[in-house]
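Summary of structural features
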Amino acid sequence: MATLGSGVALGSGEYFMDVFIGTPPKHFSLILDTGSDLNWIQCVPCHDCFEQNGPLYDPIDSTSFKNISCSDPRYPPLPCKDHNQSCPYFYWYGDSSNTTGDFALETFTVNLTSPSENVMIGCGHWNRGLFHGAAGLLGLGRGPLSFASQLQSLYGHSFSYCLVDRNSDTNVTSKLIFGEDKDLLSHPELKENLVDTFYYVQIKSIMVGGEVLNIPEETWNVSADGAGGTIVDSGTTLSYFSEPAYQTIRDAFLRKVKGYPVIDSVPVLDPCYNVSGVDNLVLPEFGILFADGAAWNFPVENYFIWLQPGEVVCLAILGTPRSALSIIGNYQQQNFHILYDTKRSRLGYAPMNCADV
């Protein structure tokens, strides 16, 4: 089990995992991301890097750091000028954040467990994007480079996490657990796709205030060229639904939310409501129905966000273009214990007070 911290204090909507890297081990905080594979950290020399909390990782200080040459069979099939040079990488994220550097092997220690040696990582010398204070990123996707895939021999084919409310007291931590949890009974099937990084789920319909919305089912399908579909992603903050789903969801809330004045001046989020002086706030229920019959119903604090406590609330769901990826983000996953079973392609979830895990 590893502890996770909210990045709110650093201006981030992500969850950070504490790890110890190298020999002797040094502490770093990495963003937890089930939507990507690469594990990477900002490295000295850092030619173009974002500001992070704490010092940069310096390979010279670690006796367990090993360069990987382009002739190494573990190296992905990317072009190299010389087979003996260090293996370069370039990794691009959906929000245009990116990291460039060299592949290497290093020792990871999580909490007080035994060190995991020869974990393949990216040593990032050029890193740009919305990483807000983290030292790098821990990839938990389905691909072979991810932390979860590399450590299957130790932890098996399952991992889970339970994310506390991001506004919880700082002494309350979220948890990441490697290994199976047999108590999670809800399990929509995880869909295979040409892009093997993501954890896809097949949505059938959306419910708002008890009404099944009129969204064409093909909206949720992955196209023949691999576009579209819906993923569960710990590394994206809010949830995104592709058109026409988003507009239909937004319009349903506008119809069903009664008695609170709409505020048009809030950027990005829509709709927003003035709830100043309201003691008993009543907002419509929201849930997702999956193709295999499972349902995921969310508490209101997982799909409305309080911008000014007691005064303004906004729908915490955004839209993406037609045929783009839909994403169930970490804000919507708060206070659920979520299990990823990669061997049987199952996703488990159960409501839980994650502060008690």
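Structure: see above.
Residues numbered from 1 in each chain as written. Predicted model: local features only at pLDDT ≥ 70, side-chain atom pairs only at ≥ 80, totals over all residues. Heavy atoms only, no water.

Right, let's talk about the state of the cysteines for a bit. Overall, the coordinates contain four disulfides when judged by the stated rule. Across the disulfide from cysteine 46 sits cysteine 49; the S-S distance is 1.7 Å. Given an S-S torsion of about -75°, the disulfide between cysteine 46 and cysteine 49 has left-handed geometry. We classify cysteine 46 as partly exposed; its relative accessible area is 24%. Relative accessible area serves as the criterion here: at 27%, cysteine 49 is assigned to the partly exposed category. Between the sulfur atoms of cysteine 272 and its disulfide mate cysteine 314 the distance is 1.9 Å. As the torsion about the S-S bond is roughly 110°, the cysteine 272-cysteine 314 disulfide counts as right-handed. Residue cysteine 272 is found in strand S19 (residues 272-274), and its partner cysteine 314 is found in strand S23 (residues 312-315); the two are separated by 42 residues along the sequence. (Disulfide = S-S within 2.5 Å. Buried < 20%, exposed > 50% of the residue type's maximum accessible area, 1.4 Å probe, protein only. Helix = DSSP H or I, 4+ residues; strand = E, 2+ residues; numbered from the N terminus.)

Moving on, we come to the environment of serine 96. You can see serine 96 is positioned in the loop between strand S6 (88-92) and strand S7 (98-109). For serine 96, a relative accessible area of 42% puts it in the partly exposed group. Remark: the alpha-carbon pair of serine 96 and arginine 128, spanning 32 residues in sequence, is separated by 8.5 Å.

So, about the side chain of threonine 34. Among the structural elements, threonine 34 can be located in the loop between strand S3 (26-33) and strand S4 (40-42). Of note is the side chain of threonine 34, whose polar atom sits 3.4 Å from the backbone oxygen of valine 232. Among the polar contacts made by the side chain of threonine 34, one reaches the main-chain amide nitrogen of serine 234 at a distance of 2.8 Å. When neighbours within four sequence positions are excluded, threonine 34 is seen to be in contact with Leu140, Gly141, Phe159, Tyr161, Thr197, Tyr199, Val232, Asp233, Ser234, Gly235 and Tyr340. (Polar contact = N/O pair within 3.5 Å; in protein donor to acceptor, adjacent residues only side chain to side chain. Contact = heavy atoms within 4.5 Å.)

Bringing the pattern of salt bridges into the picture now. Inspection of the entire model under this criterion finds seven salt bridges. A salt bridge links lysine 26 to aspartate 61; the nearest nitrogen and oxygen atoms lie 3.4 Å apart. Taken together, the residues span a long stretch of sequence, with lysine 26 in strand S3 and aspartate 61 in the loop between S4 and strand S5 (66-67) at a distance of 35 residues. By relative accessible area, lysine 26 is classed as partly exposed at 38%. Here the salt bridges share partners, and the residues they tie into one network are Glu211, Arg255 and Lys256. (Salt bridge = Lys/Arg side-chain N within 4 Å of Asp/Glu carboxyl O.)

Attention now moves to the pairing of strand S10 (residues 158-162). With respect to burial, S10 is a largely interior element, five of its five residues being buried. Judged by which residues are buried, S10 turns out to be covered on both faces: Ser158, Ser160 and Cys162 on one side and Phe159 and Tyr161 on the other are all buried. Looking at chain direction, S10 and strand S26 (residues 336-341) are connected through five bridges and run antiparallel. Paired with tyrosine 161 across the bridge in S26 is isoleucine 338. (Pairing = 2+ DSSP bridges.)

Take helix H3 (residues 245-256) next. The end-to-end C-alpha separation of H3 is 17 Å, in line with the 16 Å expected for 12 residues at 1.5 Å each. Regarding H3, the residues found buried are Ala245, Tyr246, Ile249, Arg250, Ala252 and Phe253. The arc that holds every buried residue of H3, seen down its axis, measures 155°, which confines them to one face. (Expected span 1.5 Å × (residues − 1). Arc of directions from axis to C-beta.)

With that out of the way, let us pick up the pairing of strand S1 (residues 2-6). One face of the sheet, then the other: side chains in a regular strand alternate in exactly this way. When S1 meets strand S11 (residues 174-178), the two strands line up antiparallel, connected through three bridges. Within S11, the residue paired with leucine 4 across the bridge is serine 174. Pairing analysis gives three bridges linking S1 to strand S2 (residues 15-21), with the strands arranged antiparallel. Its bridge partner being in S2, serine 6 is matched across the sheet by tyrosine 15.

The gaps of empty space that remain are located by a probe, the size of a water molecule, rolled over the atoms. What the largest pocket holds in volume is close to 970 Å³. Around the largest pocket, the lining is made up of 38 residues, and of these Glu14, Asp95, Gly235, Thr236 and Thr237 lie nearest the centre. Breaking the lining of the largest pocket down by element, the ones donating at least two residues are S3, S6 and strand S22 (304-308). A breakdown of the residues in the lining of the largest pocket according to their chemical character gives 18 nonpolar, 13 polar and seven charged. Empty space within the second largest pocket amounts to approximately 350 Å³. If you trace the second largest pocket, you find 23 residues lining it, with Leu4, Gly5, Ser6, Gly7 and Thr170 closest to the centre. The residue inventory of the lining of the second largest pocket, partitioned by class, reads seven nonpolar, 12 polar and four charged. (1 Å grid on protein atoms, 1.4 Å probe; cavity = no way out; pocket = protein on both sides within 12 Å on 5 of 7 lines; lining within 4 Å. Points joined across faces, edges and corners; volume = space filled by probe spheres on them. Nonpolar A, V, L, I, M, F, W, Y, C, P; charged D, E, K, R; others polar.)

A word on the sheet that holds strand S15 (residues 211-212). With antiparallel pairing, four strands are arranged side by side in an open sheet as S15-S14-S20-S21. Of all strands in the sheet, those bounded by a partner on one side alone are S15 and strand S21 (295-298). Looking at chain direction, strand S14 (residues 203-208) and S15 are connected through two bridges and run antiparallel. Counterpart to methionine 207 in the pairing with S15 is valine 212. Packing against the sheet, H3 makes contact with S14, S15 and strand S20 (286-290), and its axis sits at approximately 20° to S14. (Axes fitted to C-alpha atoms, helices over the stretch in contact; angles between N-to-C directions.)

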